Amino acid sequence: MVALGLIALMIVAYLLNGVALKLLWGWFMVPTLGLPVISLVQAIGIGIVIGFLTQQHIPRDEDAKKELLVFEVLTPVLAIAVGWIVHLFM
């Protein structure tokens, strides 16, 4: 049962990372560098590639894994919040 919860949390983390990347890309990369707008699916894919290339060590004990996954969910939410504030000044 815990494994299903961790898998669900990982899926949510991938989705949130995709949403954060899509929004931040649209706010900063498109107007600044003239790059094309990306879709949510493209953002999720780019996030997976970047995560694969910059893979971090994942702790072995269960409590550390749970903390890491919660961090993975909170990081994109915080990035969206801070990015939105910065975007207001553009």
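Heads up: these notes are all about the structure in this document. (Residues numbered from 1 in each chain as written. Predicted model: local features only at pLDDT ≥ 70, side-chain atom pairs only at ≥ 80, totals over all residues. Heavy atoms only, no water.)

1. Here we look at the overall build of the chain
Step number 1: Each helix and strand in the chain was counted, giving 3 helices and 0 strands.
Step number 2: Counted from the first residue to the last, the chain has its helices and strands arranged as α-α-α.
Step number 3: Within the chain, the proportion of its 90 residues that are buried is 16%.
Step number 4: When contacts within the chain are restricted to residue pairs at least 6 apart in sequence, those whose partners lie at least 24 apart make up 68%.
Step number 5: A total accessible area of about 6,600 Å² is found for the chain, and carbon and sulfur atoms account for 76% of it. (Helix = DSSP H or I, 4+ residues; strand = E, 2+ residues; numbered from the N terminus. Buried < 20%, exposed > 50% of the residue type's maximum accessible area, 1.4 Å probe, protein only. Contact = heavy atoms within 4.5 Å. Areas by Shrake-Rupley, 256 points an atom, 1.4 Å probe, with all protein chains shown as cover.)

2. Topic: the packing of aromatic side chains
Step number 1: Taken as a whole and assessed by the stated rule, the structure comprises 1 aromatic pair.
Step number 2: Ring plane angle 85 degrees and centroid distance 6.4 Å describe the contact between W27 and F28, whose orientation is recorded as edge-to-face. (Phe/Tyr/Trp six-rings, centres within 6.5 Å; stacked < 30°, edge-to-face > 60°.)

3. A word on a nonpolar patch on the surface
Step number 1: Taken together, the side chains of M1, L4, I7, I11 and L15 make up a nonpolar region of the molecular surface, amounting to roughly 580 Å² of accessible area.
Step number 2: As for its position among the elements, M1 is in the segment before α1 (2-33). (Patch = residues over 30% accessible without salt bridge, like charges linked within 9 Å, V, L, I, M, F, W, Y side chains within 5 Å. Salt bridge = Lys/Arg side-chain N within 4 Å of Asp/Glu carboxyl O.)

4. Notes on the packing of α1 against helix α2 (residues 40-53)
Step number 1: Contact geometry of α1 with α2 gives a least axis separation of 8 Å together with a crossing angle of 110 degrees. Relative to α2, α1 is oriented roughly perpendicular. Contacts between α1 and α2 involve Y14, L15, G18, V19, L21 and K22 from the first element and L40, A43, I44, I46, G47 and I48 from the second.
Step number 2: By residue class, the composition of the contact of α1 with α2 is 9 nonpolar, 2 polar and 1 charged. (Axes fitted to C-alpha atoms, helices over the stretch in contact; angles between N-to-C directions. Parallel < 35°, antiparallel > 145°, perpendicular 65-115°, else oblique. Nonpolar A, V, L, I, M, F, W, Y, C, P; charged D, E, K, R; others polar.)

5. Details of the environment of V37
Step number 1: Mapped onto the fold, V37 is located in the loop between α1 and α2.
Step number 2: Look at V37 and you get exposed, because its relative accessible area is 60%.
Step number 3: Expressed as a C-alpha distance, the spacing of V37 and L23, which sit 14 residues apart in the sequence, is 9.5 Å.
Step number 4: Residue contacts for V37: discarding those within four places in its chain leaves K22, V30 and Q42.

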